[in-house]
Amino acid sequence: MNQPTTSPKPAGRRKFELDPRFQSYKGVWVFMEQNHGEIHPVSFELLGEGRKLADQLGVELAGIVVAGCDADADRFCAEAFFHGADLCYSLTHAALTHYRNQPYTQVLTDLVNRHQPEILLLGATTMGRDLAGSVATTLQTGLTADCTGLAIDLDNRSLAATRPTFGGSLLCTIVTLNYRPQMATVRPRVMSSPVRDTSRSGRILAEHPVLAETDIITKLLEFLPDDRRNETHLPFADIIVAGGRGLKRPDNFRLVWDLADALGAEVGATRPVVQAGWVTADRQIGQSGKTVRPKLYIAAGISGAVQHRVGMEGADVIIAINPDPDAPIFDFATYGIVANAMQILPALTAAFRQHTAAMKKAV
Amino acid sequence: MHILVCIKQVPDSAQIRVHPVTNTIMRQGVPAIVNPYDLVALEEALRLKDRLGARVTVLSMGPPQAEAALRKALSFGADEAILLTDRAFAGADTLATSYALASAIRKIREDMPVDLIFAGKQTIDGDTAQVGPGIATRLNMQLLTYVSHIDNVDLERGEITVQRRAEGGVQVLCTRLPALLTVLEGINEMRFATMPDMFRAARHPLAIWDREAAGVTDLTKVGLKGSPTVVSRVFAPTPRMHRAEIIQTQSDQPDDLVATLLAKMFTKFPDLRAAVRPRCA
Ligand SMILES: Cc1cc2nc3c(=O)[nH]c(=O)nc-3n(C[C@H](O)[C@H](O)[C@H](O)COP(=O)(O)OP(=O)(O)OC[C@H]3O[C@@H](n4cnc5c(N)ncnc54)[C@H](O)[C@@H]3O)c2cc1C
Ligand SMILES: Nc1ncnc2c1ncn2[C@@H]1O[C@H](COP(=O)(O)O)[C@@H](O)[C@H]1O
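Residues numbered from 1 in each chain as written. Chains lettered and ligands numbered in written order. Predicted model: local features only at pLDDT ≥ 70, side-chain atom pairs only at ≥ 80, totals over all residues. Heavy atoms only, no water.

### Observations concerning the sheet that holds strand E10 (residues 159-166) of chain B
And then number 1: Spatial ordering of the open sheet is given by E13(A)-E11(B)-E10(B)-E9(B)-E12(B)-E8(B)-E1(B)-E6(B)-E7(B)-E13(B), a layout of ten strands whose pairing is mixed. The two strands at the open ends of the sheet, each matched to only one other strand, are strand E13 (219-225) of chain A together with strand E13 (207-209) of chain B. Ignoring which end each strand starts from, the neighbouring axes of this sheet average 30° apart.
And then number 2: Sheet analysis places strand E9 (residues 142-154) of chain B next to strand E12 (residues 179-183) of chain B, joined by four bridges and oriented parallel. Paired with Leu143(B) across the two strands is Leu180(B), which belongs to E12(B). (Pairing = 2+ DSSP bridges. Helix = DSSP H or I, 4+ residues; strand = E, 2+ residues; numbered from the N terminus. Axes fitted to C-alpha atoms, helices over the stretch in contact; angles between N-to-C directions.)

Now the structure itself:
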């Protein structure tokens, strides 16, 4: 029954007086997600968005850094400042080196309770969703998950968080009434990353929370890193060539790979193609796959169902190849070729190879 | 061992259409299904039952029609089913949903302790992935989300070891029971229910609990009243301003079409020239 599941009925804009307990809640916080010494790019995207919210509210933007040692934490804080933060709360303890729900929930809820931000943003990653759910429940506040848009309703200084529902067929804007902080998670690559400005700096409020490993029930036995060689870089690829069921047979998918090679592009796919085993699941783009924002997206044999669209419509330029002139993909693509992909893909590969050869000569 | 699986009945979102004028969901004729991710969770529970022996209880909060989802779970091999249904629960967001479910689980535990709770990775209608973490937090249980493999359940020591999907790799985590798990899709394949299973499931008595039976005393914590978030606006995604420019040539031959496309594209988006960095064959 969770909302907005039950026929999302707008509650309208309600004016209200914020509970006096919450009037001291000020500032926008972004949780800086780190994995093995690196900040997840979604945190920078959130800082970019958080900066706009903080400026509208006339408050400060803080990065929340959680790390295993001070050296890491200082590096993460610096990155947070480069991407727009005014200050950082830095929490370090050996027990926080790797993500685990219990200690992270504990230190974050404790920090919120003491410093009282009005907005707390996290990435909708495996870590962010795990942590946000626990933190919001512990704090008994509202959480809007997997948002694609954030704005401030200046009438009552509240966060208006927009998220797709029913697989992207509809969008809902959700507000948190009389609870603070207002929490939201945002999917990676939905928002663009701010320009990194290494001249920026800010204040660090460093804390060393009291934690005992013996009190932490879940133990990390091992971390098995993904094989980097096979890892796809879809979310950050400049060009993606994606294939759908319209390619008809798995061996036709070769044409997608060939074009990707000619472009130096990544290969993506729709869900039916992944389910049929033509490509691995990490190449799925869309609502239950990855969100991407390439400069160029070439969609071959893809109908453009809303569940696919939500993952790729952030592309700057979309080329669609589909023999059906009424395919929904033509409603939002930049260029369309109404033809058989099996003929167009090889022609594109040849044309782009020629283009590169010509560029080389020109140099 | 007692395993609890939380399942939700949802409209088949693949078949949902939005009314072009009123921007409302057209539900008519859209079948209600068990949230697909919850079936993955149920299958994982049933596999543990097959391997180690367990009682599997399924729990769902929803309108009376959600009974169908529970019967489906029974037909696959769940032992007991509880439907949490009460007008007071309507309109709940994730916080209020996890409150009602957690309070029902406390009641279930009085009857027989629960060792493991499974929830789906997320629902396909609400899509929040927050109810599982909410229940675990309320019950003060260890939470293991995005599990890609259950390595071991050691009932004697009361421990479970799993592989959990994280950024850039897999965490192998060991924790104490009881714990709440959400599992990734693709970790198993759902079994089929036979005709006799379906008949048995149709006859199986279902426990129907209202708020009192579920031990919900504080009505300000459930349903619309207990939900900190409200929907302020519902709208259809904005269509891009323009339909695609359809490339046409006199011959409509692939080579001509492609040449025209590249010429147009590189003129309008010159930056793309530099983005092309072919890989060596
Ligand atoms: C909960 C849920 C989550 C989902 N998540 C995702 C997701 O993350 N990602 C995703 O992609 N989908 C997802 N889907 C599935 C989605 O609804 C669509 O079914 C899917 O995107 C369609 O894939 P497709 O375009 O490859 O196939 P189809 O819809 O079958 O389209 C094939 C297209 O190929 C065209 N075609 C035919 N012949 C040719 C030819 N010779 N050359 C070129 N084109 C040709 C056809 O005209 C047609 O338009 C999800 C669905 C659900 C219910
Ligand atoms: N009404 C409900 N009844 C039972 N389980 C639920 C209900 N809502 C959510 N869940 C469980 O919580 C998971 C996550 O749901 P959600 O947070 O809506 O994405 C689902 O996959 C279910 O296992």
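And the narrative resumes.
### Some remarks on the pattern of salt bridges
And then number 1: Inspection of the entire model under this criterion finds 36 salt bridges over all chains.
And then number 2: Note that Arg75(A) is salt-bridged to Asp72(A), the shortest N-O span being 3.1 Å. Taken together, the residues Arg75(A) and Asp72(A), both in helix H2 (residues 70-82) and three residues apart, mark about one turn of the helix.
And then number 3: When the shortest N-O distance is used, the salt bridge between Glu245(B) and Lys264(B) registers 2.9 Å. With Glu245(B) in strand E15 (residues 245-246) and Lys264(B) in helix H6 (residues 254-268), this pair connects stretches of sequence that are 19 residues apart.
And then number 4: On the accessibility criterion, Lys264(B) (35% relative accessible area) is partly exposed. (Salt bridge = Lys/Arg side-chain N within 4 Å of Asp/Glu carboxyl O. Buried < 20%, exposed > 50% of the residue type's maximum accessible area, 1.4 Å probe, protein only.)

### Concerning the confidence of the model for chain B
And then number 1: The share of residues in chain B with pLDDT of 70 or more is 96%, and the mean pLDDT across the chain is 92.
And then number 2: Interface scoring of the predicted complex returns ipTM 0.87; its pTM is 0.87. (pLDDT = per-residue confidence, 0-100.)

### Structural notes on the packing of aromatic side chains
And then number 1: Under the defined criterion, the tally for this structure stands at seven aromatic pairs over all chains.
And then number 2: Taken together, a centroid distance of 5.0 Å and an interplanar angle of 45° make the contact between Trp29(A) and Tyr89(A) tilted. Taken together, the positions of Trp29(A) in strand E1 (residues 28-32) and Tyr89(A) in strand E5 (residues 87-92) put the pair 60 residues apart, joining distant regions of the chain. Side by side, Trp29(A) and Tyr89(A) carry an identical accessibility label, which is buried.
And then number 3: Between Tyr335(A) and Phe269(B) the ring centres are 6.5 Å apart and the planes differ by 85°, which places this aromatic pair in the edge-to-face class. (Phe/Tyr/Trp six-rings, centres within 6.5 Å; stacked < 30°, edge-to-face > 60°.)

### Brief notes about the environment of Gly289(A)
All names here are of chain A.
And then number 1: Note on placement: Gly-289 falls in the loop between helix H6 (271-275) and strand E16 (296-300).
And then number 2: For the pair Gly-289 and Gln-307, spaced 18 residues apart in sequence, the C-alpha to C-alpha distance is 9.2 Å.
And then number 3: When near neighbours in sequence (up to four residues on either side) are disregarded, Gly-289 contacts Arg-187 and Gln-284. (Contact = heavy atoms within 4.5 Å.)

### Re empty space enclosed by the protein
And then number 1: Summed over the entire model, instances satisfying the criterion amount to six cavities of 30 Å³ or more.
And then number 2: Around the largest cavity, the lining is made up of 23 residues, and of these Lys8(B), Asp38(B), Leu101(B), Thr123(B) and Val131(B) lie nearest the centre.
And then number 3: Going through the elements one at a time, strand E6 (55-61), helix H3 (94-111) and helix H4 (131-138) of chain B are the ones with two or more residues in the lining of the largest cavity.
And then number 4: Of the residues contributing to the lining of the largest cavity, the split by class is ten nonpolar, ten polar and three charged.
And then number 5: Size it by volume and the second largest cavity reaches roughly 110 Å³.
And then number 6: Lining the second largest cavity are 14 residues, with Asn35(A), Tyr99(A), Met127(A), Ala166(B) and Gln171(B) sitting closest to its centre. (1 Å grid on protein atoms, 1.4 Å probe; cavity = no way out; pocket = protein on both sides within 12 Å on 5 of 7 lines; lining within 4 Å. Points joined across faces, edges and corners; volume = space filled by probe spheres on them. Nonpolar A, V, L, I, M, F, W, Y, C, P; charged D, E, K, R; others polar.)

### Things to note about the interface of chain B and chain A
And then number 1: Facing the 96 residues of chain B at the interface are 104 residues of chain A.
And then number 2: For the pair chain B and chain A, the summed buried surface comes to about 8600 Å²; carbon and sulfur atoms form 57% of the total.
And then number 3: Of the charged contacts, one joins Asp238(A) and Arg277(B) as a salt bridge, the two residues approaching to 3.3 Å between their closest N and O atoms.
And then number 4: Taken together, the links from chain B to chain A amount to 31 residue pairs in polar contact (both at pLDDT 80 or more).
And then number 5: Tallied by class, residues from the side of chain B that touches chain A come to 47 nonpolar, 26 polar and 23 charged.
And then number 6: Pairing between E13(A) and strand E11 (residues 169-176) of chain B: six bridges, direction antiparallel. Residue pairing in the sheet places Phe223(A) in a bridge with Gln171(B) of E11(B). (Buried area = accessible area lost by both parts, 1.4 Å probe. Polar contact = N/O pair within 3.5 Å; in protein donor to acceptor, adjacent residues only side chain to side chain.)

### Description of the packing of helix H8 (residues 341-362) of chain A against H6(B)
And then number 1: For the pair H8(A) and H6(B), interaxial distance at closest approach is 9 Å and the crossing angle is 50°. Classed by the angle they form, the pair H8(A) and H6(B) counts as oblique. Along this stretch, H8(A) crosses H6(B), giving a crossing that reads as right-handed. Along its contact with H8(A), which presents Gln343(A), Ile344(A), Ala347(A), Leu348(A), Ala351(A), Phe352(A) and His355(A), the element H6(B) presents Pro254(B), Asp255(B), Leu257(B), Val258(B), Leu261(B), Leu262(B), Met265(B) and Phe266(B).
And then number 2: A per-class count over the contact of H8(A) with H6(B) returns twelve nonpolar, two polar and one charged. (Parallel < 35°, antiparallel > 145°, perpendicular 65-115°, else oblique. Left-handed = near helix turned anticlockwise from the far one by under 90°.)

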